[in-house]
Amino acid sequence: MRLSTLTLAATLAAGAAFANPVAPADVVFTEDGAVEQSLSGMAGNPEEGAKIMGSKQLGNCVACHSISALADVPFQGNVGPMLDGVADRWTAAELRGILSNAKLTYDGTVMPAYYKVDGFTRPGNAYTGKAADGPLDPLLSAQQIEDVIAFLGTLKE
Amino acid sequence: MNFKPMTAIAALLLSVPTFAAADADDDVLIVNGETELVTKAPAPAHLDGALDEVMSGWHFRADETQALEMDDFDNPGMLAVEAAAEVWNTVDGSEGKSCASCHDGVEQSMKGVRAVYPKWNDAAQQVRTMEAQINDCRENRMGAKAWKYDGGDITDMVALISLQSRGMPVNVAIDGPVQATWEQGKELYYARTGQLDLSCANCHEQNYGNMIRADHLSQGQTNGFPAYRLKNAKLNSVHARFKGCVRDTRAETYKPGSPEFVALELYVASRGNGLSVAAPSVRN
């Protein structure tokens, strides 16, 4: 018991040490817009994912989507579809693609690309209204996206 | 290749829970128990294929907020209008003139003006917003300093002038000498900006009636401007609103008074042709 926990911890730590996040420009999409390879090389944490989706400062996914499992988050929007049961509709790779750049799954969608840093018109410095003062960071980090995918994976009917 | 059926499913899911709760309401806007305003109208011809009906932002607000606009005693924007009415008669600048020196009573001389702005100014060979016209009067006729484009003084004055057209249909010209500016405004309306990559149309044409977090999306019409916002407790100009919306796409905004926002204002105003001027409106 003790041994296996330690082994697991060691494996995770090794994973952390070696896993290089895939840079936004290097993400490989399939023809249908899915992304097979984990962005961070590490498993996602569903509890973190839930926080990221509900937080205005992070994913703010609830601005457009409602999710029954996040019932404690007030004011969920309906610009996008409700996400209950989303894991029955999409594989992890497809969800990773939708998060990284939803336009490759849904042509012209209003859903922002969470792992994309170039090709924007008049990119700003976050929500200041001022010009960006350097290269953009993606809206979510590689690990945050994996966390969100892990949470979405729990949304089964 | 599996994305097509999925999109169809998503669309289905979208249409079921979405519209019932969030559509524009059917309330009627009667101000002071006497003036009924046109808050829904057939869309102007240039919106063919985009919208069938245009609606004032009033329909998308909560009943309590709507009520504040139905009686001038309750409308907090009217205090700013009263303040501007004094300024109208107050001499300022090197020429010893007030607005009234040239225009007499605001009720008569400014009736109908708001409804056709922004509009072409032949002498200047440009499209002028009301703010630009007011500042032109101040600098060139009064010898007074221009007001800050989206500051309180000018926004209050725009509200006073706009009130004189309340109930008249918005009717800005879109062709003739303004056409190139109008086209530029249209392009800006559909251009996606910022890291969220959203255009005005993404929110106000495609998604009006839907909720984006706590906000009930309207068509983003300008017929109610200047708008008193409960959030910042003052009158807000059209360009200040545009700036906030562009900022929310994580973009670098244009400046209030910039040629881009002037063009955008002309275009957005033309999308509301047929709606009553309803300034000063009340919003959350």
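Residues numbered from 1 in each chain as written. Chains lettered and ligands numbered in written order. Predicted model: local features only at pLDDT ≥ 70, side-chain atom pairs only at ≥ 80, totals over all residues. Heavy atoms only, no water.

## Looking at the pattern of salt bridges
Which entries qualify depends on this criterion: We count a salt bridge whenever a side-chain nitrogen from Lys or Arg sits within 4 Å of a carboxyl oxygen from Asp or Glu.
For the coordinates displayed, the defined rule picks out 11 salt bridges over all chains. The shortest N-O distance in the salt bridge between B:Asp248 and B:Arg247 comes to 3.4 Å.

## Side note on the sheet that holds strand E11 (residues 281–283) of chain B
Residue and element names in this part refer to chain B. Worth spelling out the cut-off: Here the rule is simple: two strands pair whenever DSSP picks up at least two bridges between them. Numbered from the N terminus, helices here are DSSP runs of H or I no shorter than four residues, and strands are runs of E no shorter than two. Inter-axis angles, ranging from 0 to 180 degrees, are taken between N-to-C directions of lines fitted to C-alpha atoms, where helices are fitted over the stretch in contact.
A sheet is described by the order of its strands in space; here three strands give the open sequence E10-E9-E11, paired in mixed fashion. At either margin of the open sheet sits one strand with a lone partner, and together these are strand E10 (234–236) and E11. Taken over all neighbouring pairs, the strand axes of this sheet differ in orientation by 40 degrees on average, direction set aside. Taken together, the three bridges between strand E9 (residues 227–229) and E11 define a ladder with parallel strand orientation. What sits directly across from Tyr228, in E11, is Val282.

## What to know about the UniProt feature "active site" (unreviewed entry) in chain B
To keep it simple, the criterion reads: UniProt positions are given in the numbering used here, feature names are shortened, and annotations may be inferred rather than shown by experiment.
Feature annotation in UniProt assigns "active site" (unreviewed entry) to the following positions: B:Cys245. On the secondary structure map, B:Cys245 appears in helix H10 (residues 238–247).

## A closer look at the side chain of B:His239
Residue and element names in this part refer to chain B. Here is the rule: Here's how the labels work: a residue is buried when its accessible area is under 20% of the maximum for its type, exposed when over 50%, partly exposed in between, all with a 1.4 Å probe on protein chains only. Any pair of residues with heavy atoms lying within 4.5 Å of one another is described as a contacting pair.
Checked against the element boundaries, His239 lands in helix H10. Note on His239: relative accessible area 1%, which makes it buried. Excluding anything up to four places from it in sequence, His239 contacts Thr129, Tyr149, Pro256, Gly257, Phe261, Val262 and Glu265.

## Re the interface of chain B and chain A
Cut-off, in case you're wondering: Throughout, the accessible surface (probe 1.4 Å) given up by two parts as they are put together, summed over both, is called the buried area.
Opposite the 34 residues of chain B that make contact, chain A presents 43 residues. At the boundary of chain B with chain A, total buried surface from both sides reaches about 3400 Å², with 55% on carbon and sulfur atoms. At the boundary of chain B and chain A, one finds one salt bridge. With its nearest N and O atoms 2.8 Å apart, the salt bridge here joins B:Asp197 to A:Lys103.

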